[in-house]
Amino acid sequence: MNGHGICLVKWGDDEVCGREVHDAPPNTDVRPVCLMHSRDPNKHSGELLEQFNREIKEMIEEGFIGMAANNLVAFDHFVFPQFNFRLLSPDKPVSFRCSFHKSVFTEKAYFGSTLFTGGVDFSDCEFVRDVGFVRCVFGQEANFHNAIFSGEGHFHHASFEKTSQADFSRSRFRRRGWFLGAKFLGPADFSNARFLEGDFSETCFAEDLCFKRAHFHSELKLEAAQIGDRADFEGARICGNASFKRAQFAGRVNFEGTHFRHDGSLRSGPVFMQTEFARPEEVHFYKTNLGHALFYNCDISRVDFSSVEWRKRSNGNCMLFEEGVPLEKPHGTELKTTDGSRDYGLIAQIYQQLKKNYDTQLDYWTADHFHYGEMEMQRRALPNTGRLLGLRQRLHPIVGLAAFYRYASDYGNNYWKPAAWMFATLLLFTILFPLLGLQGPNADLKGAGSPLTYGSAWPSLSSGHDKFWAETKLLGKSMITALDTATFQRNSEYTPAYPQGRIAAILEMLLTSTLFALFLLAIRRQFRR
């Protein structure tokens, strides 16, 4: 030390440090400061390190014996070398308030298992390397506002008591933030925080949890977490996977404007597998993209989805990511059946819940999209027992009942398809009846007499022009016969000849009546009120 004056760094309410200025190497500090506030690299070892730790220990001891002014021990603006709070303090609760405001921890720092009962302030701190708060207990204020974690932040099994306000707003975790098994018994504020990756698995949030406008460059894990009164993710951005697997939400949940993964990859995010919502009617997804979301084994029949973007099929209908997620991926393996195929029955349950959900909200248009999805899953679900199993599995998606329902009307969602099929059916039988023969009004019940056919309608030795008009008239009679048959008319002037024509007429009645029923069903689904 040289007598170059006193350190003028301010702390608390404009208090001046007052320590003797440290003789640091040139260009080390912006202005002359004491050893505690100096960035002198020689502090990391030797006599300077011992002197630094001795000063810290004396400050802590003053706090324990009640000599600290206002019960506050201030380490504001300190530049710490490698630091272990536990080695410098007695093994008992820290009842005084500690302030590390704007301090810099240049090496690893460890506060593990410390009981802070008087409150602690790490606002605007910078942790250059890893920092550990494993199993710490924060009894009062725990202020990490605007703190920078350049290394990993370890808060495993830390406990923030009910009287503690856990403030991590605007904090920045440039590597992973670990909160595995932590307990927040009071409000937890992570608004505007930035994470490379945040792991809150098995964490308990007893009261409000706020992630408003938080940004996760990679992943957010809240697996098996317990969230109490309110969880707010408004405006949050999660670029990678957001896993809420087995999480339990006891109160209101807000996903308004939340930015989930939205890219062309087949990676999942968010994941709500086995997630429980105690009050699903208070869970709101608004103006967010769920194209990569997984909801299987999660009841979402009463969750509020408004202005939500879903994944799209080639025909424009909404679809679930469960249909496309690779089964070998971590969250896809649980969609496998025992034979290794995709569990379409499980996916159909999700579609059914969403259909019920949108029906309840009177959003029939979107509900029809999920009805289509539900039926698609039934079509793709292959039989797994019985005889000729291999053949039936190949034919079921192509010629099964659900397949014909799709061909005919897109599962009741398209009224143009059955109308077109009805027109095609009438045209087919208009052409077919003259091939089989038409009986005139004088024919007996068994069709005695010469039926009208394409050949018999041609006048012998007549010109091509006369034959054309004869055929045209025959087709006109056949068209009226086809219409009469389709509409169950009893007194038709012409009837299909017995027996082949009558069989064809029965087939036409079955087809047209079925298609007409599908047409009415599609009309009802499209325009119901």
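Student: How do you make sense of the overall build of the protein when you look at a structure like this?
Tutor: Regarding its fold elements, the protein presents 9 helices and 39 strands. Along the first, second and third principal axes, the C-alpha set of the protein runs to 135 × 45 × 40 Å. The contacts of the protein with a sequence gap of at least 6 include a subset with a gap of at least 24, amounting to 43%. Carbon together with sulfur atoms contributes 54% to the accessible area of the protein, which is approximately 26,000 Å² in total. A gap of 9 Å separates the mean positions of the 60 positive and 61 negative side-chain charges of the protein.

Student: Looking at this structure, how should I read the environment of G332?
Tutor: Positionally, G332 belongs in the loop between β37 (318-319) and α3 (344-360). For G332, a relative accessible area of 0% corresponds to the buried category. With 126 residues separating them along the chain, G332 and A206 place their C-alpha atoms 31 Å apart. If near-sequence neighbours (up to four positions away) are discounted, G332 is found in contact with V325, P326 and L327.

Student: Sorry if this is basic, but what is going on with the packing of aromatic side chains here?
Tutor: Scanning the model with the defined rule gives 87 aromatic pairs in all. Measuring from centroid to centroid gives 5.2 Å for F285 and F305, while their planes differ by 20 degrees, and the two rings are stacked. In this pair, F285 sits in strand β34 (residues 283-286) while F305 sits in strand β35 (residues 304-306), placing the two residues 20 residues apart along the sequence.

Student: What am I meant to see in a nonpolar patch on the surface here?
Tutor: The grouping of L388, L391, L395, I398, V399, F404 and Y407 at the surface amounts to a nonpolar patch, some 670 Å² of accessible area in total. Those elements that place two or more of their residues in the nonpolar patch are α5 (389-399) and α6 (401-409). Mapping L391 onto the fold places it in helix α5.

Student: Looking at this structure, I do not really get the pattern of salt bridges. What am I missing?
Tutor: Side-chain pairs of opposite charge can arise where the charged atoms are in close proximity. A complete count under the given rule lists 22 salt bridges for this structure. We note a salt bridge from D232 to R230, for which the minimum N-O separation is 3.1 Å. When its relative accessible area of 29% is taken as the criterion, R230 is described as partly exposed. Between R302 and E281 there is a salt bridge; the shortest N-O distance is 3.6 Å. With R302 in the loop between β34 and β35 and E281 in the loop between β33 (276-277) and β34, the pair connects residues that are 21 residues apart, well separated along the chain. Exposure remark for E281: the relative accessible area of 41% places this residue in the partly exposed category. Connected via shared salt-bridge partners are R313, E323, E376, R379, R380 and R406.

Student: Even after reading the chapter, I still don't get the sheet that holds strand β24 (residues 208-210), so can you show me in this structure?
Tutor: One key point about sheets: their strands pair by backbone hydrogen bonds, in either a parallel or an antiparallel sense. Within the open sheet, the 11 strands sit side by side as β3-β6-β10-β14-β18-β21-β24-β28-β32-β34-β35. Their pairing is parallel. Where the open sheet ends on each side, the last strands, each with one partner, are β3 (72-74) and β35. Note: strand β32 (residues 252-256) against β34, 4 bridges, orientation parallel. Considered in β34, the bridge of N254 is made with H284.

Student: Is there a simple way to think about helix α7 (residues 416-436) in this case?
Tutor: Because each turn of an α-helix spans 3.6 residues, side chains separated by three or four positions in sequence point in the same direction. Between its first and last C-alpha atoms α7 spans 30 Å; for 21 residues at 1.5 Å apiece the expected length is 30 Å, and the two agree. For α7, every residue scored as buried is listed here: P418, M422, T425, F429, T430, F433 and P434. Downstream of α7 by a residue or two, G437 has a phi angle that is positive, lying close to 105 degrees.

Student: Help me understand the packing of helix α4 (residues 364-380) against α6, please; the structure alone is not making it clear to me.
Tutor: Relative orientation and spacing of two packed helices are given, respectively, by the angle between their axes and the distance between those axes. Where α4 meets α6, the closest approach of the two axes is 8 Å, and the angle between their N-to-C directions is 140 degrees. With respect to their mutual orientation, α4 and α6 come out oblique. Viewed along their axes, α4 and α6 form a crossing whose handedness is left-handed. Side by side, α4 and α6 meet where H371, Y372, M375, E376 and R379 of the first sit next to A402, A403, Y405 and R406 of the second. In terms of residue class, the contact of α4 with α6 is built from 5 nonpolar, 1 polar and 3 charged.

Student: What is the right way to read the sheet that holds strand β31 (residues 248-249) from this model?
Tutor: Judged by pairing direction, the sheet is parallel, and its 8 strands sit side by side in the order β9-β13-β17-β20-β23-β27-β31-β33 without closing on themselves. The outermost strands of the open sheet, each flanked by one partner alone, are β9 (115-116) and β33. Pairing of strand β17 (residues 159-160) with strand β20 (residues 183-184) involves 2 bridges; the strand directions are parallel. Residue F160 lies in a different strand from β20, and its bridge partner there is F184.

Student: For this particular structure, what's the right way to read the nonpolar core?
Tutor: General note: in soluble globular proteins, nonpolar side chains tend to be found buried as a group. In this structure, F100, F111, F190, F233, F244, F305 and W310 are the most contacted members of the largest nonpolar core, which totals 109 residues. Not counting chain neighbours up to four residues away, the residues in contact with F190 comprise F168, S169, F179, F184, F195, F200, F205, L209, C210, F211 and A214. Counting 7 residues, the second-largest nonpolar core is a separate cluster that includes F429, L438, L474 and A504.

Student: When you look at unusual backbone geometry in this model, what are you seeing that I'm missing?
Tutor: With the exception of glycine, the majority of residues adopt a negative phi angle, and the majority of peptide bonds are in the trans configuration. In the segment running from G269 into P270, the intervening peptide bond is cis, with an omega of 5 degrees. Residue placement: P270 occurs in the loop between β32 and β33. Y498 connects to P499 through a cis peptide bond whose omega is 0 degrees. As for its placement among the helices and strands, P499 is situated in the loop between β39 (495-496) and α9 (500-527). A positive phi is found at N71, a non-glycine position, where the angle reads about 55 degrees. Tracing the sequence through the fold places N71 in the loop between α1 (46-64) and β3. A positive phi angle, close to 60 degrees, is found at A224, a residue other than glycine. By the secondary structure assignment, A224 is in the loop between β26 (220-221) and β27 (226-227).

How each quantity is defined
Residues numbered from 1 in each chain as written. Predicted model: local features only at pLDDT ≥ 70, side-chain atom pairs only at ≥ 80, totals over all residues. Heavy atoms only, no water. Helix = DSSP H or I, 4+ residues; strand = E, 2+ residues; numbered from the N terminus. Contact = heavy atoms within 4.5 Å. Areas by Shrake-Rupley, 256 points an atom, 1.4 Å probe, with all protein chains shown as cover. Lys, Arg positive; Asp, Glu negative; His and termini not counted. Charge placed at Lys NZ, Arg CZ, Asp CG, Glu CD. Buried < 20%, exposed > 50% of the residue type's maximum accessible area, 1.4 Å probe, protein only. Phe/Tyr/Trp six-rings, centres within 6.5 Å; stacked < 30°, edge-to-face > 60°. Patch = residues over 30% accessible without salt bridge, like charges linked within 9 Å, V, L, I, M, F, W, Y side chains within 5 Å. Salt bridge = Lys/Arg side-chain N within 4 Å of Asp/Glu carboxyl O. Pairing = 2+ DSSP bridges. Expected span 1.5 Å × (residues − 1). Axes fitted to C-alpha atoms, helices over the stretch in contact; angles between N-to-C directions. Parallel < 35°, antiparallel > 145°, perpendicular 65-115°, else oblique. Left-handed = near helix turned anticlockwise from the far one by under 90°. Nonpolar A, V, L, I, M, F, W, Y, C, P; charged D, E, K, R; others polar. Core = buried A, V, L, I, M, F, W, Y, C linked by side-chain atoms within 4.5 Å.

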